[in-house]
Each structure stands twice: as C-alpha cells, then as structure tokens.
Amino acid sequence: MNNICIIGNLCSQPELKSTQSGVMVCAVSVAVPRDYKVNGEKVTDFMPCVFWRQKADFVSRYFNKGDKIAVEGSLESRKYTDKEGKNRITWEIIANKVGFCGKRERQESAEPNVQSPNESPFGDDELPF
C-alpha cells in the first residue's frame, strides 16, 4: 500500500505548465507542520506535490501561496541527472485527490465539482485516518 495524506500550506504560487505532449501539470511544495517542537521551535516538513491534468488546473486556479490545502496521493521516487552529471533521486507526492481546508477569502466557484470549503477534503466516507 502506498497512500499518503497531508494538510499544509502552499509554499509558492501554483503555476500551471504543460508537457511537450500538452498534458497539464502543476508542481508545488506544501509546508506540513509536525505536532511537536525542537528546542522550542516548530518543526515543518516541505513536501513536493505534483498535480496532473484537471487537478493541476484546479490547483492553479483556486489556490494561492499560503493557502491551506489537503492532498491525498502516493509517494513516488524519480531519478534524474543534475547539472554536474550526478545521478540523483527525489521523492514527491503524486496527487490523486485535492481539497480546500479552512476558510477561503475569494469568491467560490460555480463549477459543479469544486468542493465547498466547509466540507471535509476527503468526503465523509473517505477520512484520511
């Protein structure tokens, strides 16, 4: 089983891009606070998340830097070669579901599949725990 659920804040403004074949993609890190402190300071993990197709469009349209977001997906590794020619590996969350958390200050969308900000991000029958 490979399933991860996080709730955190977007670290940057989501930017919609597309692959060479025209598939929409949006990659952004999510700051996820831990429930403890180290030396009196909060501990936060920064999770890279990748949204594809309609989810990429949704995130880029309705979320801004600092907004709280709920993401459910799978943790995947990706190998690449850096600028110095060294082989590297990175880990990222490939989103299967995304939802609002907390209050939204912008006007709500009239789109039928956009979740209300007061609803659970995973639905009543799909709690993340």
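Worth saying up front: this structure is predicted, and the values here are computed from it rather than measured. (Residues numbered from 1 in each chain as written. Predicted model: local features only at pLDDT ≥ 70, side-chain atom pairs only at ≥ 80, totals over all residues. Heavy atoms only, no water.)

Participant: Just checking my understanding: could you explain the overall build of the protein chain for this structure?
Facilitator: Broken down by element type, the protein chain carries one helix and six strands. Counting from the amino terminus, the protein chain carries its helices and strands in the arrangement β-β-β-β-α-β-β. The buried share of the protein chain, taken over its 129 residues, is 33%. Sequence-distant contacts, at least 24 apart, represent 54% of the contacts inside the protein chain between residues at least 6 apart. Total accessible area on the protein chain stands at roughly 8,900 Å², and carbon and sulfur atoms take up 47% of it. (Helix = DSSP H or I, 4+ residues; strand = E, 2+ residues; numbered from the N terminus. Buried < 20%, exposed > 50% of the residue type's maximum accessible area, 1.4 Å probe, protein only. Contact = heavy atoms within 4.5 Å. Areas by Shrake-Rupley, 256 points an atom, 1.4 Å probe, with all protein chains shown as cover.)

Participant: Is there a simple way to explain the packing of aromatic side chains in this structure?
Facilitator: Both the distance between ring centres and the angle between the ring planes are used here to describe each pair of aromatic rings. On inspection of all chains with the given rule, the structure shows four aromatic pairs. Ring centres of Phe58 and Tyr62 lie 5.4 Å apart, and the angle between their planes is 50°; on these two criteria the pair is classed as tilted. Within this pair, Phe58 and its partner Tyr62 are both found in helix α1 (residues 53–62), separated by four residues, close to a single helical turn. Each member of the pair, Phe58 as well as Tyr62, is classed as buried. Their ring planes at 55° and their centres at 5.5 Å tell us that Phe58 and Phe100 sit as a pair that is tilted. Here the residue Phe58 occupies a position in helix α1, and Phe100 occupies one in strand β6 (residues 87–100), the gap between them amounting to 42 residues. (Phe/Tyr/Trp six-rings, centres within 6.5 Å; stacked < 30°, edge-to-face > 60°.)

Participant: Please clarify how the nonpolar core should be interpreted in this entry.
Facilitator: Across soluble globular proteins, nonpolar side chains have a tendency to be buried as a group. If you look at the biggest cluster of nonpolar residues, it comprises 20 residues, and the most contacted ones within it are Ile6, Phe51, Val59, Phe63, Ile69 and Val71. The residues touching Ile6, leaving out its near neighbours within four places in the chain, are Val30, Val32, Met47, Cys49, Ile69, Ala70, Val71 and Ile93. (Core = buried A, V, L, I, M, F, W, Y, C linked by side-chain atoms within 4.5 Å.)

Participant: Would you explain the pairing of β6 in this entry?
Facilitator: Within a regular strand, the side chains alternate between the two sheet faces. As defined by bridge partners, strand β4 (residues 41–52) adjoins β6 across two bridges and the pair is classed as parallel. In the sheet register, Val50 faces β6, and the bridge partner there is Ile94. Sheet topology note: the strand β5 (residues 68–81)/β6 ladder contains 13 bridges and is antiparallel. Residue pairing in the sheet places Ser77 in a bridge with Trp91 of β6. Connecting β5 to the antiparallel partner β6 that follows it, the hairpin turn spans five residues, and Gly85 within it adopts a positive phi of roughly 85°. (Pairing = 2+ DSSP bridges.)

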